[in-house]
Amino acid sequence: MRFYSTNTTQQFVTLQQAVIQGLAPDNGLYMPEQIPVFPSEFFKTLSGKTFQEIALAVAKPFVGDEIPEEQLQTIIHNTITFDAPLVEVEKNIFSLELFHGPTAAFKDFGARFMSQVLGYFAQQQKREIVILVATSGDTGSAVANGFLGVPGTRVIVLYPSGKVSDIQEKQFTTLGKNITAVEVSGTFDDCQRLVKQAFLDEELKSKFFLTSANSINIARLIPQSFYYFYAWSRLAQQNEVVFCVPSGNFGNLTAGLFAQRMGLPIQHFVAATNANDIVPQYLNTTQFSPRPSVQTINNAMDVGNPSNFARMLDLFHHDHKAMSRAITGYSFSDQETQAAMIDVFKNLNYVLDPHGAIGYLGIKKYLKQHPSATGVFLETAHPAKFPDVVESTLSTRVAIPDSLQRFLSGKKETIACSTTFADFKKVLNHI
Ligand SMILES: *Cc1c(COP(=O)(O)O)cnc(C)c1O
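Residues numbered from 1 in each chain as written. Predicted model: local features only at pLDDT ≥ 70, side-chain atom pairs only at ≥ 80, totals over all residues. Heavy atoms only, no water.

Engineer: Could you give me a rundown of helix H15 (residues 334–348), with the residues and numbers involved?
Structural biologist: For H15, with 15 residues, the first-to-last C-alpha span of 20 Å sits near the 21 Å given by 1.5 Å per residue. When H15 is considered as a whole, its buried residues turn out to be Thr337, Ala340, Met341 and Val344. Seen from one end, H15 has its buried residues packed into an arc of 100°, which puts them on one side. Opposite its buried face, H15 presents the exposed residues Gln335, Lys346 and Asn347, each directed more than 90 degrees away. Taken together, the buried residues of H15 touch helix H16 (354–369) and helix H17 (387–394). Just beyond H15, the residue with positive phi is asparagine 349, at close to 60°. (Helix = DSSP H or I, 4+ residues; strand = E, 2+ residues; numbered from the N terminus. Expected span 1.5 Å × (residues − 1). Buried < 20%, exposed > 50% of the residue type's maximum accessible area, 1.4 Å probe, protein only. Arc of directions from axis to C-beta. Contact = heavy atoms within 4.5 Å.)

Right, dumping it as structure tokens:
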């Protein structure tokens, strides 16, 4: 499979080049030359397959012959070491729990797959690969843990100081080894801008072999399609399946669109956001107006300029009508989110995390108008990752899973940095 940039659709690179570069040299995002389409018989066999078998089948056409099948099988095997169960929280509404991995958020899927793919390609390179990653919370922990100890790689995590939860922060600031955390006195958008700028800086590019692990990297996106197939295969009623995706940078939703293009019979998508409603606004008005992000109780979705929107536009050939037919956009306030968390806890005895709560609100709203559909919302993180919000909202304690517990005793080590690129360069030059 070859890949092109969303800014130059006439030039192609290999998977290896796309994964190592992260962002294309023209600042675009890599897209597969064609999205493979599975025959309808393939879908009839899915319910008899394991999650790993499904993942391997989905990944194979994207990887082609660039990674030997046996090696790819090992990568999948090491990525999917945990389940993604569907929990019916109420009639016709399922929570797809994507938080059973080591850092308790869905980003484990992308990060674990990507780190191994990059590790495989790194063996063929002579220089250490430096992975820059901006995080609003969960990406940093998933990526840092995915790459921890992978030979030939170094990870620099940039995060907005004071804007991630303590437990999230602990997961990427206490690891040591090949992981360095940079604490930026700004917002997530500042972090993302610094990373993007670094990729365009000739001096840094000659000094370091830079790549990115943000959701812009195609190797993060491919594995996020796996669980749409898996979830669909486990539903008893497979007609009119609607997925609601609580979104920030829209990587997760874009991976769902890939799955649909591969032939998976997903009837519709709901893109649900918090007050950072840039994409719902586009869907509802045709105006795409990125703006500085505002802080909410679902901090991993506080994104003011969603990077994967470029891929969404590309998938729909910049046709607003086509995109808005396929995706319904809703946004919800902190107040609505908390009310939903309380309601679901009191009446259905299910603890939503603040991000999944946006997903629940989105599917609930959509099903009001489409009562015959089967709704699945992505529960993107374990509620214990956000104890302040969850415990104060629900007035109950949330047990911390063992996977998270082990980070809490570590000592935080970070390098402070302002929001200026000059400062960030100084930091990089001292690493
Ligand atoms: C990253 C994240 C999101 C947003 O996912 P995108 O792919 O960026 O849209 C939602 N919830 C949680 C818990 C996250 O970590």
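Picking up after the structure, the text goes on.
Engineer: Explain the sheet that holds strand S1 (residues 3–5) residue by residue, including any values.
Structural biologist: In space, the three strands of this open sheet follow the order S2-S1-S3, with antiparallel pairing throughout. The sheet terminates laterally at strand S2 (8–13) and strand S3 (30–32), the two strands that pair on one side only. Taken pair by pair, the neighbouring strands of this sheet meet at an average axis angle of 40°, ignoring direction. As paired elements, S1 and S3 share three bridges and run antiparallel to each other. Among the inter-strand pairings, serine 5 is bridged to a residue of S3, identified as tyrosine 30. (Pairing = 2+ DSSP bridges. Axes fitted to C-alpha atoms, helices over the stretch in contact; angles between N-to-C directions.)

Engineer: An account of the packing of aromatic side chains is requested, with residue identities and associated values reported.
Structural biologist: Counting across every chain of the model gives 24 aromatic pairs. Taken together, a centroid distance of 6.4 Å and an interplanar angle of 85° make the contact between phenylalanine 38 and phenylalanine 43 edge-to-face. With respect to burial, phenylalanine 38 and phenylalanine 43 carry one shared label: buried. A connected cluster of aromatic rings, assembled from ring pairs, spans Phe51, Phe82, Phe109, Tyr227, Tyr228, Tyr230, Phe243 and Phe269. It is arginine 2 that lies over the ring of phenylalanine 12; its NZ or CZ is 4.0 Å from the centre. (Phe/Tyr/Trp six-rings, centres within 6.5 Å; stacked < 30°, edge-to-face > 60°. Lys NZ or Arg CZ within 6 Å of the ring centre and 35° of its normal.)

Engineer: Which residues make up helix H6 (residues 138–147), and what values go with them?
Structural biologist: Most of H6 sits inside the fold, with ten of its ten residues counted as buried. Looking at H6, one finds that the buried residues are Asp138, Thr139, Gly140, Ser141, Ala142, Val143, Ala144, Asn145, Gly146 and Phe147. Buried positions along H6 lie against helix H5 (107–122), strand S6 (129–134), strand S7 (153–160), helix H7 (166–173), strand S8 (179–184) and helix H10 (218–234). One or two steps after H6, the chain reaches glycine 149, where phi turns positive at roughly 80°.

Engineer: Go over the pattern of salt bridges, please, and point to the residues and values.
Structural biologist: The full count for this structure, using the stated rule, is twelve salt bridges. One salt bridge in this structure joins lysine 364 and glutamate 90, with 2.7 Å as the shortest N-O distance. Of this pair, lysine 364 sits in helix H16 while glutamate 90 is found in strand S4 (residues 86–90), placing the two residues 274 residues apart along the sequence. What makes lysine 364 partly exposed here is its relative accessible area of 30%. Close ionic contact of lysine 412 with glutamate 169 constitutes a salt bridge, the shortest N to O distance being 3.1 Å. With a gap of 243 residues between them, lysine 412 in the loop between helix H18 (402–405) and strand S14 (415–417) and glutamate 169 in helix H7 connect regions that are remote in the sequence. (Salt bridge = Lys/Arg side-chain N within 4 Å of Asp/Glu carboxyl O.)

Engineer: Could you give an account of the site of the ligand, with specific residues and numbers?
Structural biologist: Around the ligand, the surrounding shell holds 15 residues, and the nearest of these are Lys107, Asp138, Gly248, Asn249 and Thr380. Lysine 107 has a polar side-chain atom sitting 2.5 Å from an oxygen atom of the ligand. A distance of 2.8 Å separates a nitrogen atom of the ligand from a polar atom in the side chain of threonine 380. Burial of the ligand by the protein amounts to 97% of the accessible area it has alone, namely 380 Å². (Near = heavy atom within 4 Å. Polar contact = N/O pair within 3.5 Å; in protein donor to acceptor, adjacent residues only side chain to side chain. Areas by Shrake-Rupley, 256 points an atom, 1.4 Å probe, with all protein chains shown as cover.)

Engineer: Before we move on, could you go through the environment of phenylalanine 269 and cite the residues and values that matter?
Structural biologist: With respect to the element layout, phenylalanine 269 can be found in strand S11 (residues 266–273). Residue phenylalanine 269 is classed as buried on the basis of its relative accessible area, which comes to 0%. Distance in space between the C-alpha atoms of phenylalanine 269 and asparagine 239 is 14 Å, their sequence separation being 30 residues. Once residues lying within four places of it in the same chain are set aside, the contact partners of phenylalanine 269 are Tyr228, Phe243, Val245, Leu253, Gly256, Leu257, Gln260, Ala326, Ile327 and Thr328.

So far we have only geometry, and geometry alone does not tell us how the molecule works.
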